Structure formats: C-alpha cells, structure tokens
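# Observations on the model geometry
So the chains spell out like this:
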Amino acid sequence: MLPVERHRYITEILSQRGRILVQEVAQLCRISLETARRDLALLEKRGVLLRSHGGAVFMEHSAGEKTYVPSQIEQGESFRDRSNQSPDSKTRIAKRALQLINPGDCLLLDSSSSSWFLARQLPDIQLVVLTNSVHIIQTLAVKANVRVIGLGGEYSAKYEDFVGVLAEQMLKEFVINKLFFSCHGISHEGGIRESNEHHARLKQQMLLSSEHKILLADSSKFGRRSFARICHYREIDTLITDHLEDEEFRQELAWSNVNVIEVSPSPLQKKTKNSRNGPLAAAHN
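The structure contained in this document is the topic of the report that follows. (Residues numbered from 1 in each chain as written. Predicted model: local features only at pLDDT ≥ 70, side-chain atom pairs only at ≥ 80, totals over all residues. Heavy atoms only, no water.)

By convention here, two paired aromatic rings are described through the distance between centres and the angle between planes. This structure, assessed with the given rule, holds four aromatic pairs. A ring pair is formed by Trp116 and Phe117, whose centres lie 5.6 Å apart and whose planes are at 80 degrees; its orientation type is edge-to-face. The same class applies to Trp116 as to Phe117, namely buried. Consider the rings of Tyr155 and Phe162, whose centres lie 5.4 Å apart with planes at 55 degrees: the pair is tilted. Every member of this aromatic cluster is reached through a ring pair, and the members are Phe222, Tyr233 and Phe249. (Phe/Tyr/Trp six-rings, centres within 6.5 Å; stacked < 30°, edge-to-face > 60°. Buried < 20%, exposed > 50% of the residue type's maximum accessible area, 1.4 Å probe, protein only.)

What follows concerns the side chain of Asp218. Residue position: Asp218 is located in the loop between strand 12 (210-216) and strand 13 (228-231). In terms of polar contacts, Asp218 uses its side chain to reach the side chain of Ser220, at 2.4 Å. For Asp218, the residues in contact, after removing those within four places along its chain, are Ser86, Ser89, Lys90, Ile93, Thr241 and Asp242. (Helix = DSSP H or I, 4+ residues; strand = E, 2+ residues; numbered from the N terminus. Polar contact = N/O pair within 3.5 Å; in protein donor to acceptor, adjacent residues only side chain to side chain. Contact = heavy atoms within 4.5 Å.)

Relative to each other, helix 1 (residues 3-17) and helix 3 (residues 33-45) sit at 75 degrees, their axes nearing to 11 Å. By the angle class used here, helix 1 and helix 3 are roughly perpendicular. Of the residues in helix 3, those touching helix 1 at Arg6, His7, Ile10 and Thr11 are Thr35, Asp39, Leu40, Leu42 and Leu43. (Axes fitted to C-alpha atoms, helices over the stretch in contact; angles between N-to-C directions. Parallel < 35°, antiparallel > 145°, perpendicular 65-115°, else oblique.)

Once that is clear, we can look at the pattern of salt bridges. Scanning the model with the defined rule gives ten salt bridges in all. The residue Lys203 makes a salt bridge to Asp110 at a minimum N-O spacing of 3.1 Å. Here Asp110 lies in the loop between strand 4 (106-109) and helix 6 (113-121) and Lys203 lies in helix 9 (residues 197-208), a separation of 93 residues in the sequence. A salt bridge links Lys221 to Asp218, with the shortest nitrogen-to-oxygen separation between them at 3.9 Å. Considered together, Lys221 and Asp218 belong to a single accessibility category, that of buried residues. (Salt bridge = Lys/Arg side-chain N within 4 Å of Asp/Glu carboxyl O.)

Structure below.
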C-alpha cells in the first residue's frame, strides 16, 4: 500500500470511528509500528487528527475550514432514479439470475438497482445474503429462511447504501459462493466501471471475496463512459443482459471465457432465428 493510500485509509477510518490505535494502523496497513507513528505524525501536521497516547483522535473542523479528508464524489444517479430505469429488462435479468442460485448458497449482492430487482425475486429458501444496500436488507427481512448480513460503513443518503473501509474490511472475513453486481458502464476498451471511486473500490473487494462473479447489466450500460474502474471483464464469470448488439465485444467476452446470457435476443439474432424457422423449416414440418 502506497503512503498516499495509507493516509486516505487512515483518514476514512478516523472519520467513521473517531479514534484509532497505533497498533491498529500497523495491522490494517501491514506496516511497522514506527511507520504507523510517522503516518499519524504527518496527518497531525495536516490537521486531520490529534495524536494521543497510543493512538489518535479525529479532528472536527468548522464549516468552511479545509481538511485532508477526501471529498465524497457522488457522481451518477441516485438509487431511486436508477430503480426507475429499464424495469422490464432488469426484471427479466433477475428472473434468469435465479437459475444460478441453489439452496444453501452464500450470496453477495451489491447496492445496484439490478441486485435489488434480484432480491425481490429471491424465493424464501435457505440462503445467506450479504449486502451493503438498505433496500435489499428491507426486502429480504420478511423472508424467514434467508439470513441477511448487512455490510456496515459510511451511509450514503443518495445511494441508500453503506460504503467505505469498514465495509471493505468486513468482506475480508467471508468466503462467498456467488456475487451478483452491476455497474455504471461496460465496454471492451474501458472494462467494467462505476460512477464514483467509493463504489468501485468496494466492488473490487467484493470480487476478491467471491468464488463466482455474475454481472447483471442491461443494454444501456454498454459503451457508457464512467469515472472509476472496477475491473477488466475477464475477471467475471457470467454476464446476464437483455441483449448484446456489439458482435466484436461478444467475441472479446468469449475469448475471455465470460459466459454471456441474453434474456432478450438482439434484432439480428431474432432475424436469424426467424429465417431458420421460415418456409424451408415449414416444409420439413
């Protein structure tokens, strides 16, 4: 971990907890106690924290005063806006995703509207579901056989979910069978991307914690430019979409061993299918 990454990490923990011990810094960042003390001393000079015996406390700042705390970049639509986009496609994608779920699975659902559509379709069977989404927690709370584990962290009113280092750290404690997640944009040039770095970083940890990675992405996501990179598409196992029109990208995904499942065939596929079932096919019937 680079020094600038450590400093951002320490700052986020302090902003959420209010205090931290030198030993905790050393363990979380995998550095020596001496390096941890130097990091805290540097952050104290920047006005982020106030050192105390064995650790540090977060410095509260008055309105308008500059701090070292990274600004919360909240680019992209709110959860409510996204949940109203392409509901029919997301419902079809969710219903197809159900076929990949078995009783006893441990699932991880991100806070995307696509995952929420999936949560609404989940049957009341023996499952463990981890999520950082408030809406998914509320949706699954009524299912007696589904055990729900919420990922804590910093709450985002816009996205109605939890993000940050605490959520990322919690994920490291689990081994998850299947991850279902979505993204803001996907292309063969830019890979799979998100609208802000906070969700991108959390989804990177979700991928690391999961055995099977399933991307739920309706066709509006293809070719969309997005701010922060999550991963290359070769890092996922399955893509479920309504339709994929870019044949070049379809071939790229095939070369990367990504299983593409389409719930609504593209116009080209429909035309090909119809031609196969045309007059010649009828003549054989």
